[in-house]
Amino acid sequence: MNRLANDLEHIASETRGLWEELRGERVFLTGGTGFFGCWLGESFCHVNRELGLGARATVLSRHPAKFRAKCPHLAADPAITLHAGDVRDFEFPAGEFKYVIHAATETTGKQAAEDLLSTILAGTERTLKFAGQCGARKFLLTSSGAVYGRQPAEMAHVLESYMGAPDPLDAASVYAEGKRASELMCALFQKTAVAQGAAFEAKIARCWAFVGPHLPLDAHFAIGNFIGDVLAGRPISISGDGTARRSYLYAADLAIWLWTILFRGPALVPINVGSGRDLSIRELAEVVAGTLAPGTAVHVAKQVVAGTAPARYVPSVERAEALLGLRETVGLEESIRRTAAWYSAR
């Protein structure tokens, strides 16, 4: 039995009215081995079977063998075709794909800044070109809350209308600037496609922070590291002062939101994807400890500097609810429990 069965049934229940347009159609997905890609692949296969859609998905992967090892049940699903290639220069698969989802981006810090920028920009350009050739009607870009730049200390939640921006002269802005340029590419491509008579809609999902199965426990994701600490029997270690404020959306909700934006989201209207319920990193560590192993020690590396405003990275999700009826359905404590249970059962 799929260890995500309950989550997948929840996704199917929440999105049941969306899928009919996919019947007999094909989807192309980049980033299939990543956190987003795994959840999109899992939910696609589950709903495809449950509703008998007869749809098919082609998943781009630089390392198909790695995908098969990570998700053997997905690789074995007859509705899935693996397509080997780098997102920057992959060969276009033959045939028509009405739906293209561009979810490929390396965010783990393993790439040099120049390579990361190349991957984002060239990858988006290549995927858009493919969308034009394959007759895509709906294109989903998984962008990022990083496009807004540093969140002002006095701003509790960032609206999509906020016109902030990252510092273009700071090398640390490479991911954010790449995502900003990717959104612009989508706008330019749609303008040209529509002018030429094509029925093409680019949807923009600005994604924030998440928790759930498939999230790495040893990367740069604080909540993943904290869960990993507890599962390993270690004290939770915070490298900063613990005051930064974040919010976390569960992966099943992420999948619900992304599919809804692809099928029903208005074109070129960015929508924040995340949770509006924020807490400090220290509070997060205490919640993880209290949820999984009460009594676990929390070690904070740095002292709080008096008078310093906490760094925030928290979205407003009012637009998602107002336009599409989207909401958070799995709370933080339950999200932590499900993530830990999934890893413990591996």
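Above this note sits the structure.
Residues numbered from 1 in each chain as written. Predicted model: local features only at pLDDT ≥ 70, side-chain atom pairs only at ≥ 80, totals over all residues. Heavy atoms only, no water.

Quick notes on the side chain of Arg 26
Part 1: Structurally, Arg 26 can be placed in strand 1 (residues 26-30).
Part 2: Beyond its immediate sequence surroundings of up to four residues, Arg 26 is in contact with Arg 56, Thr 58, Ala 94, Gly 95, Glu 96, Phe 97, Lys 98 and Tyr 99. (Helix = DSSP H or I, 4+ residues; strand = E, 2+ residues; numbered from the N terminus. Contact = heavy atoms within 4.5 Å.)

Focus on the packing of helix 5 (residues 113-133) against helix 6 (residues 174-195)
Part 1: Across the interface, helix 5 lies against helix 6 with an axial gap of 9 Å and an inter-helix angle of 15°. One way to sum up the angle between helix 5 and helix 6 is to call them roughly parallel. Of the two possible hands of crossing, helix 5 and helix 6 adopt the one that is right-handed. Between helix 5, through Ala 113, Leu 116, Leu 117, Ile 120, Leu 121, Thr 124, Glu 125, Leu 128, Lys 129, Ala 131 and Gly 132, and helix 6, the contact on the second element is made entirely by Val 174, Tyr 175, Gly 178, Lys 179, Ala 181, Ser 182, Met 185, Cys 186 and Phe 189. (Axes fitted to C-alpha atoms, helices over the stretch in contact; angles between N-to-C directions. Parallel < 35°, antiparallel > 145°, perpendicular 65-115°, else oblique. Left-handed = near helix turned anticlockwise from the far one by under 90°.)

Some words on the pairing of strand 1
Part 1: Extensive coverage of strand 1 is indicated by the burial of five of its five residues.
Part 2: Of the two faces of strand 1, both are covered, the one formed by Arg 26, Phe 28 and Thr 30 as well as the one formed by Val 27 and Leu 29.
Part 3: With four bridges connecting them, strand 1 and strand 2 (residues 56-61) associate as parallel partners. From the neighbouring strand, Phe 28 faces strand 2, where its bridge partner is Thr 58.
Part 4: Taking the sense of rotation as the criterion, the β-α-β connection linking strand 1, helix 2 (residues 35-51) and strand 2 turns out right-handed.
Part 5: Sheet topology note: the strand 1/strand 4 (residues 99-102) ladder contains four bridges and is parallel. Along strand 4, the bridge assignment pairs Leu 29 with Ile 101. (Buried < 20%, exposed > 50% of the residue type's maximum accessible area, 1.4 Å probe, protein only. Pairing = 2+ DSSP bridges. Right-handed = clockwise from strand over helix to strand, strands pointing away.)

As for unusual backbone geometry
Part 1: One non-glycine residue, His 214, lies in positive phi territory at about 85°.
Part 2: Notably, Leu 268 is not glycine yet its phi reads approximately 55°, a positive angle.
Part 3: Relative to the helices and strands, Leu 268 resides in the loop between helix 8 (251-264) and strand 11 (271-273).

A word on the sheet that holds strand 2
Part 1: On the basis of which strands lie adjacent, the open sheet formed by seven strands has the order 3-2-1-4-5-6-11 and parallel pairing. Unpaired on one side and paired on the other, strand 3 (80-84) and strand 11 mark the two borders of the sheet. Taking each pair of neighbouring strands and ignoring which way they run, the sheet shows an average axis angle of 20°.
Part 2: Lying on the sheet, helix 5 is in contact with strand 1, strand 4 and strand 5 (138-144); it crosses strand 4 at an angle near 175°.

Here we look at the sheet that holds strand 14 (residues 312-313)
Part 1: With mixed pairing, the three strands of this open sheet are ordered in space as 12-9-14. Strands with a single pairing partner mark the edges of an open sheet, and in this sheet they are strand 12 (278-280) and strand 14.
Part 2: Across two bridges, the pairing between strand 9 (residues 245-247) and strand 14 is parallel. Bridged to Arg 246 within strand 14 is Tyr 313.
Part 3: Running at roughly 95° to strand 12, helix 9 (residues 281-292) makes contact with strand 9 and strand 12 of the sheet.

Overview of a positive patch on the surface
Part 1: A contiguous patch of positive charge, built from Arg 3, Arg 62, Lys 66, Lys 70 and Arg 346, is present on the exposed surface.
Part 2: Mapped onto the elements, Lys 70 comes out in helix 3 (residues 64-70). (Patch = residues over 30% accessible without salt bridge, like charges linked within 9 Å, V, L, I, M, F, W, Y side chains within 5 Å. Areas by Shrake-Rupley, 256 points an atom, 1.4 Å probe, with all protein chains shown as cover. Salt bridge = Lys/Arg side-chain N within 4 Å of Asp/Glu carboxyl O. Lys, Arg positive; Asp, Glu negative; His and termini not counted. Charge placed at Lys NZ, Arg CZ, Asp CG, Glu CD.)

With respect to the pattern of salt bridges
A side chain of one charge can pair with a side chain of the opposite charge when the charged atoms of the two come close.
Part 1: On inspection of all chains with the given rule, the structure shows 23 salt bridges.
Part 2: Note that Arg 327 is salt-bridged to Glu 14, the shortest N-O span being 3.3 Å. With Arg 327 in the loop between helix 10 (318-324) and helix 11 (332-344) and Glu 14 in helix 1 (residues 5-15), this pair connects stretches of sequence that are 313 residues apart.
Part 3: By relative accessible area, Arg 327 is classed as partly exposed at 43%.
Part 4: A residue is classified by how much of its surface remains accessible, and Glu 14, at 32% relative accessible area, is partly exposed.
Part 5: Across the salt bridge formed by Arg 88 and Asp 86, the nearest N and O atoms sit 3.0 Å from each other.
Part 6: Asp 86 gets classed as buried once you look at its relative accessible area, which sits at 18%.
Part 7: Through salt bridges with shared partners, a single ionic network connects Asp 7, Glu 334, Arg 337 and Arg 338.

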